[in-house]
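Read off the chains here:
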Amino acid sequence: MSGNPYPLGLRLAGRRVVVVGGGVVATRRVPALLDAGADVLLVAPELTPALRAHADAGRLRWQRRRFVADDLDGAWLVQVAVNDPSAAAAISEGAEERRIFCVRADDRVAATAWTPAVTRQGPVTVAVLGGGDPRRAMAVRDAVRDLLAAGPGRLAPPPADAGSGDAVPPVRPTRRGGQVALVGAGPGDPELITVKGRRLLIEAEVVVTDRLVPGLLLDELGSEVELVDAAKIPYGPARTQEEINRILVDRALAGKAVVRLKGGDPYVFGRGGEELLACAGAGVPVTVVPGVTSAVAAAASAGVPVTHRAVAHEFTVVSGHVPPDSSASMVRWEHLAGLRGTLVILMGLKNLAAISATLVVNGRPAQTPAVVVQEGTTGAQRTVRSTLGVVAADVAAAGLRPPAVVVVGDVVGALDS
C-alpha cells in the first residue's frame, strides 16, 4: 500500500510503548521515548550499559528474555530494534493484529510508522520525514536546525525551487576525516552541549560514547554513524581505556571523523588527557571541546552558586571515588577540612559517610550546610539538602543514587530568601 505518511505528534506520557531489542538502535531511540514520558517496556535478553542504567534507575521496565506476543497487550506503539528479520516480522504481525503502530529499524517498507529525523530547540521539536530516505530527512532536519539556531532575525525565505518535489536537499557537510574530537557533552541536559560540540557531533562518522552522555544527543545521529558504547567494552578499567584509545586511533587512521563524546568536560575526571596522548602518539590530530561540568552545573540547577560575594571566594573540586583512608587516595581530606570555601565532590556517593566523617574529624563543622544533587539539569533531578554531619544518612534515607554531586559550604543557603 502506497501513500504519503500522515504526520502526527504522539503524546505518549503515561502510555505503554514496547521496545524490542537492547542494542545500539534501542540505545538511540529509548531516550526520546522517556523524554516524552512514555511507559517503556523493554524486551531483550541483554542491554547496552546505557539502557541498563535506565532500567536500574527505574525509568523503564526490562523483561530479560525474548519477545512474546503478549508483550504488546496494552501498548500504543512498538519499536522493533532487532537484527533478525524473521523475529521482526513476527513482531510486526502481532502489532498489526492488535492495530498498534510499529516502527521497524530493519525494514522501513514493512513498518506502519517511521521515526523521523528530529531536532529540538527548547520547546520546539522539528520532525522531518524524507519519503523513506533517511539521508534526505537528515539533510532537511540539519538545515532547519541551523535556521532555528540562528534565531528569528536570521530566518531566510526559502529558495525559489524549494517547492519542487524533485529537489533534493544538499548532503550535510562533513569535516575532513582522520581526526579525533574530544567533546564534552555537558552535565545531562542535551541543550547544554556547546555549539561547537554539537556541530562536530553532527559531522561525525564515528561516535565513541559513555553512559553519562545525554541520550537525546544520540537520537539525532544518522543511521550510518558508527556508535561505539565505551561502557560495553568487556575489560577492567585499565584495559577498557586501552581499547577506547585503540578505537579512536584506528578509526582516525582509517580517515574517519571521530568524536569521543564524554559526559561533562573531557578534562574533569574524564580521562581525556590519556586519550589525547594516545592519539598524539599515533600522529592523529585532536580537537578538544570543553564541556559544562556537573561540578558547577549540578549545584546551579539546585539553586546553589559555588561562589558568592561575602560567602565563598573559592571552590575546590575533588573526586570521592576512593575512600579517604585508602592508600590509593590522592586527596588530602584533612587539608580540605580547613578550607573556608566551597567543596564540590564528584563520584563520592558511595564513600560519602567516610568522607563527611573525615571532614568533621579534621575540623569542618558538622553543621556546615550540604546539598546532594542527583542527575542535575535533567528531568530526573533529585535534591537533598542537609548538613555535613548527617548528609550521608539523609541521602541513604532518600534513596539517592549515582551520578550525584555533593556540595559542602555556606553557599548552599546563600540564595535562600
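Residues numbered from 1 in each chain as written. Predicted model: local features only at pLDDT ≥ 70, side-chain atom pairs only at ≥ 80, totals over all residues. Heavy atoms only, no water.

Engineer: What's the story with the pairing of strand 4 (residues 75-80) in this structure? I'm lost.
Structural biologist: The side chains of a regular strand alternate between both faces of the sheet. Of all six residues in strand 4, five are buried, a share of seventy percent or more. Read from strand 4 through helix 3 (residues 85-97) to strand 5 (residues 101-104), the crossover connection turns out right-handed. (Buried < 20%, exposed > 50% of the residue type's maximum accessible area, 1.4 Å probe, protein only. Helix = DSSP H or I, 4+ residues; strand = E, 2+ residues; numbered from the N terminus. Right-handed = clockwise from strand over helix to strand, strands pointing away.)

Engineer: Help me out: how do you make sense of the pattern of salt bridges in this one?
Structural biologist: It is possible for side chains bearing opposite charge to pair when their charged atoms get close. Evaluated as defined, the whole model comprises 21 salt bridges. Its salt-bridge partner being arginine 120, residue aspartate 219 comes within 3.4 Å of it at the nearest N-O pair. Within this pair, whereas aspartate 219 is found in helix 6 (residues 215-219), its partner arginine 120 is found in strand 6 (residues 117-121), the two being separated by 99 residues in sequence. Taking the relative accessible area as the measure of exposure, aspartate 219 reaches 9% and is therefore buried. With its nearest N and O atoms 3.9 Å apart, the salt bridge here joins arginine 385 to aspartate 416. Of this pair, arginine 385 sits in strand 16 (residues 382-387) while aspartate 416 sits in the segment after strand 17 (404-408), and the two are 31 residues apart along the sequence. On the basis of relative accessible area, arginine 385 is assigned to the partly exposed category, the value being 39%. (Salt bridge = Lys/Arg side-chain N within 4 Å of Asp/Glu carboxyl O.)

Engineer: What is the right way to read the sheet that holds strand 1 (residues 16-20) from this model?
Structural biologist: Remark on secondary structure: sheet strands pair via backbone hydrogen bonds, oriented parallel or antiparallel. Taken in spatial order, the five strands of this open sheet run 3-2-1-4-5, and their pairing is parallel. A strand with exactly one partner marks an edge of an open sheet, and here the two such strands are strand 3 (61-63) and strand 5. Strand after strand, the sheet turns through a mean of 20° between neighbouring axes, direction not considered. Across five bridges, the pairing between strand 1 and strand 4 is parallel. Paired with valine 20 across the two strands is valine 80, which belongs to strand 4. Contacting strand 1, strand 4 and strand 5, helix 3 crosses the sheet at an angle of about 165° to strand 5. (Pairing = 2+ DSSP bridges. Axes fitted to C-alpha atoms, helices over the stretch in contact; angles between N-to-C directions. Contact = heavy atoms within 4.5 Å.)

Nothing here speaks to function; it is geometry throughout.
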